[in-house]
Amino acid sequence: YGYARVSKKKRAEFGQIIESYLTTRKTLKRIFLLVDARHAPSEDDILMSDFLRHYDIPFTIIATKADKVKRNQRMKADKLIRTTLGLDAISDLRFVSAIKGEGIDSIKDTMSKEK
């Protein structure tokens with residue numbers, strides 16, 4: 001939703017489609033909201049997490065590109081993401097790296113449990 005290189009009108013249309021899908025899909029079990037672990041979540045990320053909470057849609061925050069964040073910076077990144085998105089300490093936030101495979105099995109386990 002945040003990186004589509006289309007007109008504002010088209011992005012608004014995407015927003016309506018996404019909103020309709022997320023609020024009416026009966027079989028939807030969980031949303032995985034991807035954020036970049038190297039940066040604070042974007043305004044779009046904040047809006048989406050607020051939207052999901054408002055509609056009581058279960059979600060997990062996936063902090064991507066974890067391989068680019070040094071281990072000693074993880075706690076800082078975790079705190080920044082949680083603070084920016086208004087998450088508490090027990091909210092589901094996972095760091096993953098597609099390059100190193102870190103965290104992928106955990107996400108797959110969560111997905112298989114939601115079936």
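Refer to the preceding data block for the structure.
Residues numbered from 1 in each chain as written. Predicted model: local features only at pLDDT ≥ 70, side-chain atom pairs only at ≥ 80, totals over all residues. Heavy atoms only, no water.

1. Brief notes about the overall build of the protein
So, point 1. Helix and strand counts for the protein come out as four helices and three strands.
So, point 2. The N-to-C order of helical and strand elements in the protein reads α-β-α-β-α-β-α.
So, point 3. The C-alpha atoms of the protein give 15 Å as radius of gyration, which agrees with the globular expectation for 115 residues (13 Å, within 12%).
So, point 4. Principal-axis analysis of the C-alpha atoms places the extent of the protein at approximately 40 × 35 × 25 Å.
So, point 5. The buried share among the 115 residues of the protein stands at 30%.
So, point 6. When contacts within the protein are restricted to residue pairs at least 6 apart in sequence, long-range pairs at least 24 apart make up 68% of them.
So, point 7. Carbon and sulfur atoms provide 55% of the accessible area of the protein, an area that totals close to 8,200 Å².
So, point 8. The averaged location of the 16 negative side-chain charges in the protein is 4 Å from the averaged location of its 24 positive side-chain charges. (Helix = DSSP H or I, 4+ residues; strand = E, 2+ residues; numbered from the N terminus. Rg over C-alpha atoms; globule rule 2.2 N^0.38 Å. Buried < 20%, exposed > 50% of the residue type's maximum accessible area, 1.4 Å probe, protein only. Contact = heavy atoms within 4.5 Å. Areas by Shrake-Rupley, 256 points an atom, 1.4 Å probe, with all protein chains shown as cover. Lys, Arg positive; Asp, Glu negative; His and termini not counted. Charge placed at Lys NZ, Arg CZ, Asp CG, Glu CD.)

2. Thoughts on the pattern of salt bridges
So, point 1. As enumerated under the stated definition, the model contains seven salt bridges in all.
So, point 2. A salt bridge links D50 to R53; the nearest nitrogen and oxygen atoms lie 2.9 Å apart. One end of the pair, D50, and the other, R53, are both in helix α2 (residues 43-54), three residues apart, so they sit about a helical turn from each other. (Salt bridge = Lys/Arg side-chain N within 4 Å of Asp/Glu carboxyl O.)

3. As for the pairing of strand β1 (residues 31-36)
So, point 1. Where β1 meets strand β2 (residues 59-64), six bridges bridge the pair, whose relative direction is parallel. Pairing of F32 across the sheet is with T60, part of β2.
So, point 2. Between the parallel elements β1 and β2, the chain passes through α2 in a crossover that is right-handed. (Pairing = 2+ DSSP bridges. Right-handed = clockwise from strand over helix to strand, strands pointing away.)

4. A few points about the environment of L93
So, point 1. Structurally, L93 can be placed in strand β3 (residues 93-95).
So, point 2. Along the sequence, L93 and T60 sit 33 residues apart, while their C-alpha atoms lie 5.9 Å from each other.
So, point 3. Residues within four places of L93 in sequence aside, it is in contact with I61, A63, D78, I81 and R82.

5. Points about helix α3 (residues 74-85)
So, point 1. Helix length check: α3, at 12 residues, gives a terminal C-alpha distance of 16 Å against a target of 16 Å (1.5 Å per residue), a fit within 8%.
So, point 2. When α3 is considered as a whole, its buried residues turn out to be R74, A77, I81, R82 and L85. Down the axis of α3, the smallest arc covering the buried residues is 125 degrees, so these residues share one side. Facing away from the buried surface of α3 by more than 90 degrees, the exposed residues are M75, K76, K79 and T83. (Expected span 1.5 Å × (residues − 1). Arc of directions from axis to C-beta.)

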